[in-house]
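# Structural description and commentary
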Amino acid sequence: MSIISSLETGVSALRSFTKGIQVIGDNIANIGTAGYKRSRADYSDSFSSLMKSPQGSSSGASRTASQLGGGVSVASVSTSFATEKAEYTGSESDLAINGNGFFRVADPLDGNREYFTRAGNFHLDDSGYLVTPQGYRLQGENTLGNGGFFIPGTALNPNSGAQEAVASWAFTPTTGQLNLLFSDGAAIPAGTIRLTTFTEPAGLLRQGGNMFLQTEAAGTRTDFAPGNSAAATVHSQFLELSNVDLTKEFADMITTQRGFQAGARIITTSDQLMQEAIQLKR
């Protein structure tokens, strides 16, 4: 390996570990983000130059290949979809998934384009829809708002048979059914949450704002109603926390920092060798 090649090897380490630090920093920054899923940088060796080809012989003597590596690169940045415990908030609009699955939301300003999220920090907008902080409407079935969860000001009371003001609303535990409640204790259903799973969730594309976009790499998609016999249940007044382990992130940061320092030392040493080589001519 030439001195120039050793410089390139050191540079590859600096480039790769800089990206690794960026991934770790993003994880740490989102430790308080509801439903956030941590990322992980996976490294791989770079192309190796072949010095001698492997050979075999009938006499039993053989020669293995001689190769020189070209450094390190970031092979991929993967997402960990491991679930984390949920925190009680007391807010009826906060929802947490217990099990595998994603909430399905739609952007009403972009042709109801669908996104998927584990973050259940919803709220009512000015139009009465249950939406994400970005304004994307939570989706389900048998809802009053064309797929979105709509909370009307008045509804038909089954007890009186007349239109009356909706006193409050609540989700049924585990099944995610939305119920409109009246002052006399009557209740009517207003839709049920539908969750979604993918055979390869790592193939989902991050969109920011805790949103994922479906791609072909995500595999087969399955929409289902939550319940005790399903892949997951839904609980209101709880919010799933970030799955970032701060202790692990700091340990990974130290390891990555040491790798960066070692790469910088390779560059410094290679520079010194080049300086010595240049001085030999004098």
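Refer to the structure printed above.
Residue indices begin from 1 for each chain and proceed along its sequence in written order. Since the coordinates come from a predicted model, pLDDT governs what is reported: local features require at least 70, and pairs of side-chain atoms require 80 or more to be given and counted, while whole-chain, interface and lining totals use all residues. To get the side-chain values, all heavy atoms of the structure are used, and hydrogens and water are removed first.

A count of helical and extended segments in the protein chain gives 2 helices and 23 strands. When we talk radius of gyration, it's over C-alpha atoms, and the globule rule is simply 2.2 Å times the number of residues to the 0.38. Against the globule reference of 19 Å for 282 residues, the protein chain gives a C-alpha radius of gyration of 28 Å, more extended than a compact globule. The principal-axis extents of the C-alpha atoms in the protein chain amount to approximately 105 × 50 × 35 Å. Exposed residues in this analysis have more than 50% of their type's maximum accessible area, buried residues have under 20%, and partly exposed residues fall in between, with area computed by a 1.4 Å probe over protein chains only. A total of 282 residues make up the protein chain; the buried ones form 37% of that total. The contact rule is simple, with two residues in contact once any of their heavy atoms fall within 4.5 Å. Across the protein chain, the fraction of contacts at a sequence separation of at least 24, relative to all contacts at a separation of at least 6, is 62%. Carbon and sulfur atoms make up 51% of the accessible area of the protein chain, which amounts to about 15300 Å² in all. Side-chain charges in the protein chain split into 20 positive and 25 negative, and the spacing between the mean points of these groups amounts to 15 Å. A run of H or I in DSSP becomes a helix once it reaches four residues, and a run of E becomes a strand once it reaches two; helices and strands are each numbered from the N terminus. For every accessible area listed, the method is Shrake-Rupley and the probe measures 1.4 Å; residues are considered covered only by the protein chains on display. For the purpose of charge, His is not counted, nor are the chain termini; Lys and Arg are scored as positive and Asp and Glu as negative. By convention, the charge on Lys lies at NZ, on Arg at CZ, on Asp at CG and on Glu at CD.

Stacked, tilted and edge-to-face are the three classes applied to pairs of Phe, Tyr and Trp rings, where Trp contributes its six-membered ring and a pair requires centres within 6.5 Å; stacked means planes under 30 degrees apart, edge-to-face means over 60, and tilted covers the rest. Throughout the structure, instances matching the rule amount to 12 aromatic pairs. A connected cluster of aromatic rings, assembled from ring pairs, spans Phe81, Phe102, Phe116, Phe198 and Phe212.

A word on the nonpolar core. For soluble globular proteins, the rule of thumb is that nonpolar side chains tend to be buried together. Counting 28 residues, the largest nonpolar core has Leu95, Phe103, Leu138, Phe171, Leu180, Ile193 and Leu195 as its most contacted members. Breaking this core down by element, the ones donating at least two residues are β6 (95-99), β7 (102-107), β15 (168-171), β16 (177-181), β17 (187-193), β20 (211-213) and β22 (232-236). Non-local contacts of Leu180, meaning those with residues more than four positions away in its chain, are made with Leu144, Ile151, Pro152, Ala155, Val166, Ser168, Trp169, Ala186, Ala187, Ile188 and Ala190. Counting 7 residues, the second-largest nonpolar core is a separate cluster that includes Phe102, Phe116, Leu204 and Phe212. Throughout this description, the term nonpolar core refers to a set of buried Ala, Val, Leu, Ile, Met, Phe, Trp, Tyr and Cys residues connected via side-chain atoms within 4.5 Å.

As a further point, take a nonpolar patch on the surface. Here, patches come from residues exposed beyond 30% relative accessible area and free of salt bridges, joined within 9 Å for like charges and within 5 Å for nonpolar side chains (Val, Leu, Ile, Met, Phe, Trp, Tyr). Each reported salt bridge corresponds to a side-chain nitrogen of Lys or Arg within 4 Å of a carboxyl oxygen of Asp or Glu. Judged by side-chain polarity, Ile31, Leu246 and Phe250 come together as a nonpolar surface patch covering roughly 240 Å² of accessible area. Mapped onto the fold, Ile31 is located in the loop between α1 (3-29) and β1 (39-45).

The next point concerns the sheet that holds β16. Across the sheet, which stays open at both edges, the 4 strands sit in the order β12-β17-β16-β15 with antiparallel pairing between neighbours. Lying at the two open borders of the sheet, with one neighbouring strand each, are β12 (140-141) and β15. Only strands that DSSP links by at least two bridges are regarded as paired with each other.

Before going further, it helps to spend a moment on the environment of Glu84. The topology assignment puts Glu84 in the loop between β4 (72-79) and β5 (86-88). Distance in space between the C-alpha atoms of Glu84 and Val244 is 8.8 Å, their sequence separation being 160 residues. Excluding anything up to four places from it in sequence, Glu84 contacts Lys37, Glu240, Leu241, Ser242 and Asn243.

Here we come to the pattern of salt bridges. Overall, the coordinates contain 10 salt bridges when judged by the stated rule. Across the pair Arg40 and Asp42 runs a salt bridge whose closest N-O atoms are separated by 2.8 Å. Asp252 is the partner of Lys248 in a salt bridge, and the nearest nitrogen-oxygen pair spans 3.5 Å. Linking Lys248 with Asp252, this pair stays in helix α2 (residues 246-279), spanning 4 residues, or about one helical turn. Owing to a relative accessible area of 39%, Lys248 belongs among the partly exposed residues under this scheme.

Quick look at the packing of α1 against α2 now. Axis separation between α1 and α2 bottoms out at 8 Å; the angle between their running directions is 160 degrees. One finds that α1 runs roughly antiparallel with respect to α2. Between α1 and α2 lies a crossing of left-handed hand. When the residues that make up the contact of α1 with α2 are grouped by side-chain class, the tally is 19 nonpolar, 10 polar and 3 charged. An axis is simply a line fitted to the C-alpha atoms; with a helix, the fit covers only the stretch in contact. Between two such axes, the angle follows the N-to-C directions and lies from 0 to 180 degrees. Oblique is the label for any angle not covered by the other classes, which are roughly parallel (under 35 degrees), roughly antiparallel (over 145) and roughly perpendicular (65 to 115). The crossing is said to be left-handed when, going from far helix to near helix, the turn is anticlockwise and less than a right angle, and right-handed when the turn is clockwise. When residue character is reported, Ala, Val, Leu, Ile, Met, Phe, Trp, Tyr, Cys and Pro are called nonpolar, Asp, Glu, Lys and Arg charged, and the others, Gly included, polar.

With that settled, consider unusual backbone geometry. One non-glycine residue, Asn146, adopts positive backbone phi at about 55 degrees. Structurally, Asn146 can be placed in the loop between β12 and β13 (154-156). Despite not being glycine, Gln237 has its phi angle at roughly 65 degrees, a positive value.

With that settled, the discussion passes to the environment of Met274. Relative to the helices and strands, Met274 is located in helix α2. Accessibility expressed as a relative area gives 26% for Met274, which makes it partly exposed. Between the C-alpha atoms of Met274 and Ala75, which are 199 residues apart in sequence, the distance is 31 Å. Contact partners of Met274, with chain neighbours within four places excluded, come to Ile3, Ile4 and Leu7.

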